[in-house]
Amino acid sequence: MTRVKRGVTANRRRKRLLSHAKGFKWTRSTKYRQAKEALLHAWTFQFADRKVKKRNFRRLWQERINAAVRTNGLSYSRFIAQLKAANIELDRKILSELAAKHPAVFSAVLATK
């Protein structure tokens, strides 16, 4: 009769989970139970913050466009309304890039009301 050794799967699972917790502080990186709890929170924030990142970038683009438009004596909302009326379909990311890096091109877009 041979002896059956167990725990290979469980150890592998715990090891994989602890590898995800690498870089966490204190026992959250070394103890399984604390690491599991920390990762549940971390992954929740990771998912949510991918959405928040998009939100923050859109705000940044709007602020850049607004700053560029204000120097030409126009408000952001009026500028966007004029773009829609003129059927210019440049998104906010591209408009902010133009405003920051290519002011001459942005002025040309601004002139085509």
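An account of the accompanying structure is given in this report. Note that this is a predicted model, so its numbers are computed, not measured.

Right, let's talk about unusual backbone geometry for a bit. Positive phi values are uncommon outside glycine, yet Trp26 reaches one of about 55 degrees. The phi dihedral of Asn87 is positive, around 55 degrees, even though this residue is not glycine. By the secondary structure assignment, Asn87 is in the loop between helix H3 (76–85) and helix H4 (92–101).

A word on the pattern of salt bridges. The full count for this structure, using the stated rule, is one salt bridge. Here Lys101 and Glu97 are joined by a salt bridge, their closest N and O atoms 3.4 Å apart. Of this pair, Lys101 and Glu97 are both found in helix H4, four residues apart, which corresponds to roughly one turn of the helix. On the basis of relative accessibility, which here comes to 31%, the residue Glu97 falls in the partly exposed class.

Below, the discussion takes up a positive patch on the surface. On the surface, Arg13, Arg14, Arg16 and Lys36 cluster together into a patch of positive charge. Of the residues forming the positive patch, the biggest block, three residues, is contributed by helix H1 (residues 8–20). With respect to the element layout, Arg16 can be found in helix H1. Since its relative accessible area comes to 52%, Arg16 is described here as exposed.

Tallied over the entire structure, the rule returns two aromatic pairs. Residues Phe57 and Trp61 carry aromatic rings whose centres are separated by 5.9 Å and whose planes lie at 40 degrees to one another, so their mutual orientation is tilted. Placement of the pair is Phe57 and Trp61 together in helix H2 (residues 32–70), with a separation of four residues, close to one helical turn. Measuring from centroid to centroid gives 5.6 Å for Phe79 and Phe106, while their planes differ by 50 degrees, and the two rings are tilted. Here Phe79 is found in helix H3, whereas its partner Phe106 is found in helix H5 (residues 103–111), with 27 residues between them in sequence. Comparing Phe79 with Phe106 shows no difference in burial state: the two are buried. Over the ring of Phe47 we find Lys51; its NZ or CZ atom is 4.9 Å from the centre of that ring.

Parameters and conventions
Residues numbered from 1 in each chain as written. Predicted model: local features only at pLDDT ≥ 70, side-chain atom pairs only at ≥ 80, totals over all residues. Heavy atoms only, no water. Helix = DSSP H or I, 4+ residues; strand = E, 2+ residues; numbered from the N terminus. Salt bridge = Lys/Arg side-chain N within 4 Å of Asp/Glu carboxyl O. Buried < 20%, exposed > 50% of the residue type's maximum accessible area, 1.4 Å probe, protein only. Patch = residues over 30% accessible without salt bridge, like charges linked within 9 Å, V, L, I, M, F, W, Y side chains within 5 Å. Areas by Shrake-Rupley, 256 points an atom, 1.4 Å probe, with all protein chains shown as cover. Lys, Arg positive; Asp, Glu negative; His and termini not counted. Charge placed at Lys NZ, Arg CZ, Asp CG, Glu CD. Phe/Tyr/Trp six-rings, centres within 6.5 Å; stacked < 30°, edge-to-face > 60°. Lys NZ or Arg CZ within 6 Å of the ring centre and 35° of its normal.

All quantities given are derived from atomic positions and should not be read as evidence of function.
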